[in-house]
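# Observations on chain architecture
For reference, the chains in residue letters:
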Amino acid sequence: MSDSDHHIRNRERTSSGTANGSSSGRKSSSKLVDGDQNDYVRGAARMKRGSSSKRTLYFLGICLVGLLTWTVIFSGSNNVSHSVNWWDENVHLRFGFQKLTYAVVIDAGSTGTRVLGFEFHQSLKDNSLKLKNGIFHEVKPGLSSYADEPKVGADSLKPLLEQAKQFIPQEAWPTTPISVKATAGLRLLPKEKADAILAAVSDVIQNSGFLTNADSVGIMDGVDEGIFSWFTVNFLLDRIGGPVTKTVAAMDLGGGSTQITVASSPETQSLYPKEDIQNISLFHRQVPLYTHSYLGLGLQSVRKSVLAYNKTDPESTVLHSACVNPVVSREWKYAGVTYTIKGVHTGKFEKVQYNGFTRREAIADWDECYNVIVKLIEEMGVVKSKDLNRQIVVFSYFFERAAEAGIIGKSWFINNFDNAVLVFGRDNLMRVGWISFE
């Protein structure tokens, strides 16, 4: 075979191999393309499912944010508690659902004058308030002791105003309302003397820098005193907004009067004088309250009545009483008048140990003193309310005298005793205690 024949055959084999290889490559390429298309279809399906899941999650996220926003906006105005909580401080106030607002109240009582400054969170939705902080300061004596020096009495309020200004930011003074309300101490004074004191106080308040109006200074009548005390106690105990039957009765012992206020039931309203039933609007509901102010049954005023019960000379300032030990003779000032208080010899004695010796000493007549007090209460016509079959809150001098007598301690915590009376001080809810009558 010649060289040319070998060359031709080799070229044919090469050509044939190339042709076979090309055909095999085309088949392999076709398989790859089919596989890629399947992978693409499966990937597209997965992407579609993923996109649908994302849309679902996105929708759920929007719903969750919306629900959270609704809760944030509207939970702040639902006064489940009277005090500010974490949501109020960190969400409602920061995002503009609430704002800080302030108020100043001056309580001009018969034995002292007190300033109370309040810092609230106010809801912009319904103007409801939550208490954030407060102050309490007192000066003595009360305004009624300045019956002949009205300007001096008015000036006694200036230290209290300074305390309020230290508590409230200066930029808030012009929008902070101030109210001065006198109680039984001024109600017991002659009208001309009470009016002179109020006029002098009004001059001081108008120049205080706080927001005032024509009604900023005045004498509060006993009905309003009872209603406000009832509302305050139930607000602080978070009883406002729930069933009226869950509210507590309020008993306030002041220096010149005592107020008893309780939510009345339809069955008992007819048992009271009509003027003692007050229908108040409480969060869009009408609540009938029994409230009565016993002028003259305050701590100081009733003391004077007891000491002077057997007094025969109306002009005399010397008071003899069986409630006072016979050896006692001391001065006591009330409503601008200085009295000399003395005991009476009743013939009662007790044995006293002194330096190893026993001797008889005269004592006050406890039984006669008790009878005098009972007669005074009966003469005042004190009503035994049928609605006082619930929890009763007593405060002001009730607390102070109970603490002094050792009936309650200085540091108490609240327990839910049956047939109990809750007692707390005028200035601080930390001073609370329960008196059980079981």
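Residues numbered from 1 in each chain as written. Predicted model: local features only at pLDDT ≥ 70, side-chain atom pairs only at ≥ 80, totals over all residues. Heavy atoms only, no water.

## Some details on empty space enclosed by the protein
Within the structure shown, the criterion is met by two cavities of 30 Å³ or more. Quantified by volume, the largest cavity comes out at close to 40 Å³. Lining the largest cavity, in full, are V306, L307, Y309, N310, H320, S321, A322, C323 and V372. When contributions to the lining of the largest cavity are tallied by element, the ones reaching two or more residues are α8 (299-307) and β10 (318-321). Along the lines of polarity and charge, the residues of the lining of the largest cavity split into six nonpolar, three polar and no charged. Looking at the second largest cavity, its volume works out to about 30 Å³. The wall of the second largest cavity is formed by R239, I240, G241, G242, V244, T247, L282 and R285. The residue makeup of the lining of the second largest cavity, split by class, is three nonpolar, three polar and two charged. (1 Å grid on protein atoms, 1.4 Å probe; cavity = no way out; pocket = protein on both sides within 12 Å on 5 of 7 lines; lining within 4 Å. Points joined across faces, edges and corners; volume = space filled by probe spheres on them. Helix = DSSP H or I, 4+ residues; strand = E, 2+ residues; numbered from the N terminus. Nonpolar A, V, L, I, M, F, W, Y, C, P; charged D, E, K, R; others polar.)

## Focus on the pattern of salt bridges
Considering all chains together, one arrives at 12 salt bridges under this definition. One salt bridge in this structure joins R114 and E138, with 3.1 Å as the shortest N-O distance. Taken together, the residues span a long stretch of sequence, with R114 in strand β2 (residues 113-123) and E138 in strand β3 (residues 129-139) at a distance of 24 residues. For R114, a relative accessible area of 3% puts it in the buried group. Two residues, K191 and D195, come together in a salt bridge whose shortest N-O distance is 2.7 Å. Of this pair, K191 and D195 both sit in helix α6 (residues 191-206), four residues apart, which is roughly one turn of the helix. Take D195: its relative accessible area is 35%, and that puts it in the partly exposed class. Salt bridges sharing common partners tie together D107, R114 and E138. (Salt bridge = Lys/Arg side-chain N within 4 Å of Asp/Glu carboxyl O. Buried < 20%, exposed > 50% of the residue type's maximum accessible area, 1.4 Å probe, protein only.)

## Details of the confidence of the model for the protein
Of the residues in the protein, 75% reach a pLDDT of 70 or more, and the chain-wide mean stands at 79. Within the model, the stretch residues 6-33 combines pLDDT values under 50 with two contacts to residues more than four positions away or in other chains. Between residues 75-79, whose pLDDT stays under 50, and residues either more than four places distant or in other chains, the model counts 15 contacts. (pLDDT = per-residue confidence, 0-100. Contact = heavy atoms within 4.5 Å.)

## Comments concerning the state of the cysteines
Counted by the stated rule, this structure contains one disulfide. Each disulfide pairs two cysteine sulfurs, and for C323 the partner residue is C369, the sulfurs being separated by 2.0 Å. Because the torsion about its S-S bond is 105 degrees, the bridge between C323 and C369 counts as right-handed. Note that C323 is positioned in the loop between β10 and β11 (329-334) and C369 in helix α9 (residues 366-380), a separation of 46 residues in sequence. Residue C323 is classed as partly exposed on the basis of its relative accessible area, which comes to 27%. Residue C369 is classed as buried on the basis of its relative accessible area, which comes to 16%. (Disulfide = S-S within 2.5 Å.)

## Quick notes on the nonpolar core
Counting residues in each nonpolar core, the largest one holds 31 residues, and the members touching the most others are V104, I106, I168, L186, V201, I205 and F210. At the level of secondary structure, the elements contributing two or more residues to this core comprise β1 (98-108), α4 (158-167), β4 (178-182) and α6. At seven residues, α6 tops the list of elements feeding residues into this core. Look past the residues within four positions of F210 in its chain and what remains in contact with it is V104, L161, A164, K165, I168, W173, T176 and I178. (Core = buried A, V, L, I, M, F, W, Y, C linked by side-chain atoms within 4.5 Å.)

## Let's talk about the side chain of D252
Tracing the chain through its elements places D252 in strand β6 (residues 249-253). Here D252 falls in the buried class, since its relative accessible area comes to 9%. With residues up to four places along the chain from it excluded, the contact list for D252 reads E225, S229, S257, T258, Q259, F395, S396 and F398.

## Points about the pairing of strand β15 (residues 392-396)
Most of β15 sits out of view: five of its five residues are buried. With five bridges joining them, β6 and β15 adopt parallel strand pairing. Looking across to β15, one finds that A250 is bridged to V393. (Pairing = 2+ DSSP bridges.)

## Thoughts on a nonpolar patch on the surface
A cluster of nonpolar side chains, contributed by I373, I377, M380 and V382, occupies part of the molecular surface with about 270 Å² of accessible area. Within the secondary structure, V382 is located in the loop between α9 and β15. (Patch = residues over 30% accessible without salt bridge, like charges linked within 9 Å, V, L, I, M, F, W, Y side chains within 5 Å. Areas by Shrake-Rupley, 256 points an atom, 1.4 Å probe, with all protein chains shown as cover.)

## Here we look at helix α10 (residues 397-404)
All buried positions along α10 are accounted for by Y397, F399, A402 and A403. G406 sits one or two residues past α10 and shows a positive phi near 80 degrees.

## Looking at the sheet that holds β10
The three strands are arranged β10-β12-β11 in an open sheet whose pairing can be described as mixed. Each having just a single partner strand, β10 and β11 make up the two edges of the open sheet. Taking the axes of each pair of neighbouring strands and ignoring which way they run, one obtains an average angle of 35 degrees across the sheet. Alignment of β11 against strand β12 (residues 337-343), held across six bridges, turns out to be antiparallel. Its bridge partner being in β12, K333 is matched across the sheet by T338. Contacting β10, β11 and β12, α8 crosses the sheet at an angle of about 135 degrees to β11. (Axes fitted to C-alpha atoms, helices over the stretch in contact; angles between N-to-C directions.)

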